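Results of the structural survey
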Amino acid sequence: MPEMDAARLQAALDGRYARVDVVERTGSTNADLRKAVEDGAADRTVLLAEEQTAGVGRRARPWSSPKGAGLYLSVALRPGVPFAALGSLSIVAGLAVRAAAASVGVDAVLKWPNDVLVDGAKCAGILAEAVAGPEPSIVLGIGLNVLPLGDVPPGPGGLPATSLAEHGATNTDRTDVAIALLTEFDALERRWRLAGGDLTEAGLLGDYRAHCATLGQDVEVQLPDGTSLTGRAAEIDATGQLAVDLPGGQRHTVFAGDVVHVRPA
C-alpha cells in the first residue's frame, strides 16, 4: 500500500492549519497531540500516522489501525469557545467525514454520538478529548477506514468494520481522502468557531439531523452504571446531545460522555 504523500498533503492544506505532520508509526495520534497541547502546540496542529499501535476510541476502546489501510489523524484546537461547547465538535467532525466519503461516491450516515456508518457497518470513529489548561483546548481524533482492514472482529458495540473501498469508493488514494476530509473539516470548524460553538447558529445542526441515522429509531441507551433506558431517539439539541422519548411520555436528555452504547432496541 503506498504511503501518504506528506508534501502534497501539506501543500494542499497550506494556510488552513498551523502545522501538518505525517509519521510512520505511533501509539496514538490523540495521545501525542494531547502532550503537544500541554507543551504549547499551536491551534490547528494536525498529526497523521501511517499506523497506530495503541489507537483508542471512546471509553478507551481499541481502534484497529493497521499500516496503510486508513486515515489515523488528530487535530489540536484552541477554538476560543466556551468549555461547555467543546463536546459538540464531534458533530462537526462527523459531518466532515460524511462529506469526505461522499466526495468519493460513498453514501455514509452518522450514528450518534461519534460513529460513521455505511450500510450498517462502521467505517469511521471520532474521539474528542478536552485538554486541561488556561484556555479551553481539545484534541479531535478521527479514524477512517479507506482500504479493507482484513479480519477485524466487530467492536464492543457489535458493529462490523468496513471501509470506503468496500463500498465502491471512486478514489482510495489516502492522501486525496485526507485532503478532502481536512479541507471540509477546516470549513465546518471555522463556521462552528465563529458561532461560539453553537451548532444552530453555525447552520450545522440541521445538516447533522438530516444525516443522522439514529434519529427516529427505537434505541437502547446503555449507561456507565449498568442501567439502560429504551425509547425513541427524538432529537439532537444545539449542544449535540440526544433527546430520547421514553414510553411513559417523558423526554430524557443523554449526554455523549455518559453513554456506553446506543443500539437499536
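In what follows, the structure referred to is the one given above.
Presented here is an overview of the structure given in this document. (Residues numbered from 1 in each chain as written. Predicted model: local features only at pLDDT ≥ 70, side-chain atom pairs only at ≥ 80, totals over all residues. Heavy atoms only, no water.)

Take empty space enclosed by the protein next. With the rule as written, the count across this model stands at 1 cavity of 30 Å³ or more. One number sums up the size of the largest cavity: a volume of about 40 Å³. S90, I91, G94, L110, K111, P113, N114, D115, I126 and Y208 together form the lining of the largest cavity. Mapped onto the lining of the largest cavity, the elements with two or more residues apiece are helix 3 (89–103) and strand 4 (109–111). Looking at the lining of the largest cavity residue by residue, the class counts come to 5 nonpolar, 3 polar and 2 charged. (1 Å grid on protein atoms, 1.4 Å probe; cavity = no way out; pocket = protein on both sides within 12 Å on 5 of 7 lines; lining within 4 Å. Points joined across faces, edges and corners; volume = space filled by probe spheres on them. Helix = DSSP H or I, 4+ residues; strand = E, 2+ residues; numbered from the N terminus. Nonpolar A, V, L, I, M, F, W, Y, C, P; charged D, E, K, R; others polar.)

Our focus in this paragraph is the packing of aromatic side chains. Counted by the stated rule, this structure contains 0 aromatic pairs. Its guanidinium or amino end placed over the ring of Y17, R44 lies 5.2 Å from that ring's centre, counting from NZ or CZ. (Phe/Tyr/Trp six-rings, centres within 6.5 Å; stacked < 30°, edge-to-face > 60°. Lys NZ or Arg CZ within 6 Å of the ring centre and 35° of its normal.)

A few words now on helix 3. Over its 15 residues, helix 3 extends 21 Å from the first C-alpha to the last, a length consistent with the 21 Å expected when each residue adds 1.5 Å. Phi for G105, located one or two positions after helix 3, is positive at around 85°. (Expected span 1.5 Å × (residues − 1).)

A few words now on the sheet that holds strand 5 (residues 115–118). For sheets, the rule is that strands pair by backbone hydrogen bonds, running either parallel or antiparallel. On the basis of which strands lie adjacent, the open sheet formed by 7 strands has the order 1-2-3-7-6-5-4 and mixed pairing. Edge positions in the open sheet fall to strand 1 (19–23) and strand 4, since each of these has one partner strand only. Neighbour-to-neighbour, the strand axes of the sheet open up by a mean angle of 20°, direction not taken into account. Packed on one face of the sheet, helix 3 meets strand 3 (70–77), strand 4, strand 5, strand 6 (121–131) and strand 7 (137–145) and runs near 30° to strand 7. (Pairing = 2+ DSSP bridges. Axes fitted to C-alpha atoms, helices over the stretch in contact; angles between N-to-C directions. Contact = heavy atoms within 4.5 Å.)

The subject of this paragraph is the nonpolar core. Ranked by internal contacts, the top residues of the largest apolar core, which has 66 residues, are L71, W112, L144 and F185. Looking at this core element by element, the count peaks at 9 residues for helix 3. When sequence neighbours within four positions are dropped, the list of residues in contact with L144 reads G70, L71, V97, C123, A124, L164 and V177. Core analysis: the second largest hydrophobic core is formed by 6 residues, V37, L47, A76 and V131 among them. (Core = buried A, V, L, I, M, F, W, Y, C linked by side-chain atoms within 4.5 Å. Buried < 20%, exposed > 50% of the residue type's maximum accessible area, 1.4 Å probe, protein only.)

To continue, consider the environment of Y208. Positionally, Y208 belongs in helix 5 (residues 205–211). By relative accessible area, Y208 is classed as buried at 2%. Each C-alpha atom of the pair Y208 and W112 lies 9.7 Å from the other, and the pair is 96 residues apart in sequence. Excluding its chain neighbours within four sequence positions, the residues that come into contact with Y208 are I91, L95, L110, K111, W112, P113 and I236.

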